Amino acid sequence: MSNSISILGLGLMGQALAGSLLDAGHQVTVWNRSAGKGDDLVARGATRAATVAEAVAASPLVIVCVLDYVAVHALLTDVPLDGRVLVNLTNGRPSEARETARLVAGRGGDYLDGGVMAVPQMIGNPGALILYSGSQAAFDGHRDTLGIMAEPRFVGADPGLAPLLDLAMLTGMYGQFAGVLEAVALVASEKVPVVEFTSTLLVPWLNAMASTMPRLAEQIEAGDYSTDVSNLEINRVGAAGLMRAFEEQGVKPDLLLPLKAIIDQRVARGHGTEGLQGLIEELR
Ligand code: NAP
């Protein structure tokens, strides 16, 4: 069955989303603030709307994907949303999602917030995931269409949940990038080939460590900070040695410094026998 979907915002992500829906045979209406984007989508069968209001009027399902929520609110100013499902795939904060849900409800629309866990090239392909929160009815009603862009996963009725989980996943990713960059800089200080190090040693090690994270989460949930591996005192001494090694190798340990500081702080408070998961108490 061919459905009608409107896409507001034709940046890299908006174009990928629209393209996947076109490929699946749906009627796609597109709008972008500035001209010159989406010509290929129009050549492939999309209809270009002259205004946001025209795009919103064209389809019951409206997907917006622009720079930020300030832009989302600006482009929806004075646009009626009666009977529309607005799916906001713009990256933002939980508070912004909740505020946008209220705005959309006030205009007679239904709201889903989404966190895109994919780069544009992954959209429409296996491995792409989009987290949704907000109106369960809107999600259920459009699940098949949403499933064309990426695996759709509904995470709860609170619209703030999808952005919360999205930001948490990005946080994990940034931590991983930070560790990898420091590790590669350290190895490169001795002119060791970094590609071989990364693929044969670092990635298998990180995967082994990643597999222990659910256990760590279980212990955090249970308030269990005991450990049968290296405790925080061992890690405090190890981190101090690591900093000296970085200094001797002429590499800045800046991305690791906050972690060292928090280990030192936790030990100074008398928790040296705990495991690394005890550090969560210093973040609350
Ligand atoms: P992009 O290529 O830089 O495109 C930004 C889009 O936002 C353009 O269509 C731009 O319109 C529009 N825009 C900016 N300010 C606007 C305003 N005031 N009013 C109306 N439209 C405005 O960015 P993108 O990669 O498509 O990203 C869009 C969203 O998806 C972001 O929230 C991003 O975090 C999220 N996301 C992106 C990726 C990724 O890998 N790219 C992955 C996950 C999530 P103009 O063409 O007129 O400038």
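Everything here concerns the structure above.
What this report covers is the structure whose coordinates are included nearby. Quick caveat: nothing in here was measured; it's all calculated off a predicted structure.

So, the sheet that holds strand β7 (residues 129-134)
1) Next: Taken in spatial order, the 8 strands make up an open sheet running β3-β2-β1-β4-β5-β6-β7-β8, and their pairing is mixed. In the strand order of this sheet, the two ends are held by β3 (47-48) and β8 (151-156), each with one partner.
2) Next: The sheet contact formed by strand β1 (residues 4-8) and strand β2 (residues 27-31) spans 5 bridges and is parallel. Each bridged residue has a counterpart across the sheet, and for Ile 7 the counterpart in β2 is Val 30.
3) Next: Strands in contact with helix α4 (residues 69-76) are β1, β2, β4 (61-64), β5 (85-88) and β6 (110-117); relative to β5, the strand with the most contacts, it is inclined by about 155°.

Observations concerning the site of the ligand
1) Next: Inspection of the region around the ligand gives 20 residues, with Met 13, Asn 32, Ser 34, Lys 37 and Asn 91 positioned closest.
2) Next: Here an oxygen atom of the ligand sits 2.9 Å away from a polar atom, N or O, in the main chain of Met 13.
3) Next: Take Lys 37: an N or O atom from its side chain is 2.6 Å from an oxygen atom of the ligand.
4) Next: Contact with the protein chains hides 74% of the accessible area of the ligand, taken as 900 Å² for the molecule alone.
5) Next: Elements represented by at least two residues in the shell around the ligand include exactly α1 (12-23) and α4.
6) Next: Of the residues belonging to the shell around the ligand, the class tally is 12 nonpolar, 6 polar and 2 charged.

As for the pattern of salt bridges
1) Next: Scanning the model with the defined rule gives 13 salt bridges in all.
2) Next: Taking the shortest distance from any N to any O, the salt bridge between Asp 158 and Arg 98 comes out at 2.9 Å. Residue Asp 158 is located in the loop between β8 and α7 (161-188), and its partner Arg 98 is located in helix α5 (residues 94-106); the two are separated by 60 residues in the primary sequence.
3) Next: Classification of Arg 98 by relative accessible area gives partly exposed; the value is 34%.
4) Next: Asp 264 is paired through a salt bridge with Lys 260; the nearest N and O atoms lie 2.7 Å apart.

Each value, and the rule that gives it
- Starting afresh in each chain, residues are numbered from 1 along the sequence in its written order.
- At least 70 in pLDDT is required for a residue's local features to be given in this predicted model, at least 80 for side-chain atom pairs to be given and counted, and no such filter applies to totals for whole chains, interfaces and linings, which use all residues.
- Hydrogens and waters are ignored; side-chain quantities use all the structure's heavy atoms.
- In this description, strands pair whenever DSSP reports at least two bridges between them.
- Counting from the N terminus, the helices are DSSP H or I runs at least four residues long and the strands are E runs at least two residues long.
- Residue contacts are counted whenever heavy atoms from the two residues lie within 4.5 Å of one another.
- To obtain each axis, a line is fitted to C-alpha atoms, and for helices this fit is confined to the stretch in contact; angles are then taken between N-to-C directions over 0 to 180 degrees.
- Neighbouring residues are identified by heavy atoms, a residue being near a molecule or strand if any of them is within 4 Å of it.
- Definition of a polar contact: a pair of N or O atoms within 3.5 Å, with one able to donate and the other able to accept a hydrogen when the atoms are protein atoms, and with sequence-neighbouring residues admitted only if both atoms are side-chain atoms.
- The protein chains shown are the only cover counted for residues, whose accessible areas, like all others here, come from Shrake-Rupley with a 1.4 Å probe.
- Polar here means any residue other than Ala, Val, Leu, Ile, Met, Phe, Trp, Tyr, Cys and Pro, which are nonpolar, and Asp, Glu, Lys and Arg, which are charged; Gly is therefore polar.
- We define a salt bridge as a contact between a side-chain nitrogen of Lys or Arg and a carboxyl oxygen of Asp or Glu at a distance within 4 Å.
- Burial classification: accessible surface area is computed with a 1.4 Å probe over protein chains only, and a residue below 20% of its type maximum counts as buried, one above 50% as exposed, and the rest as partly exposed.

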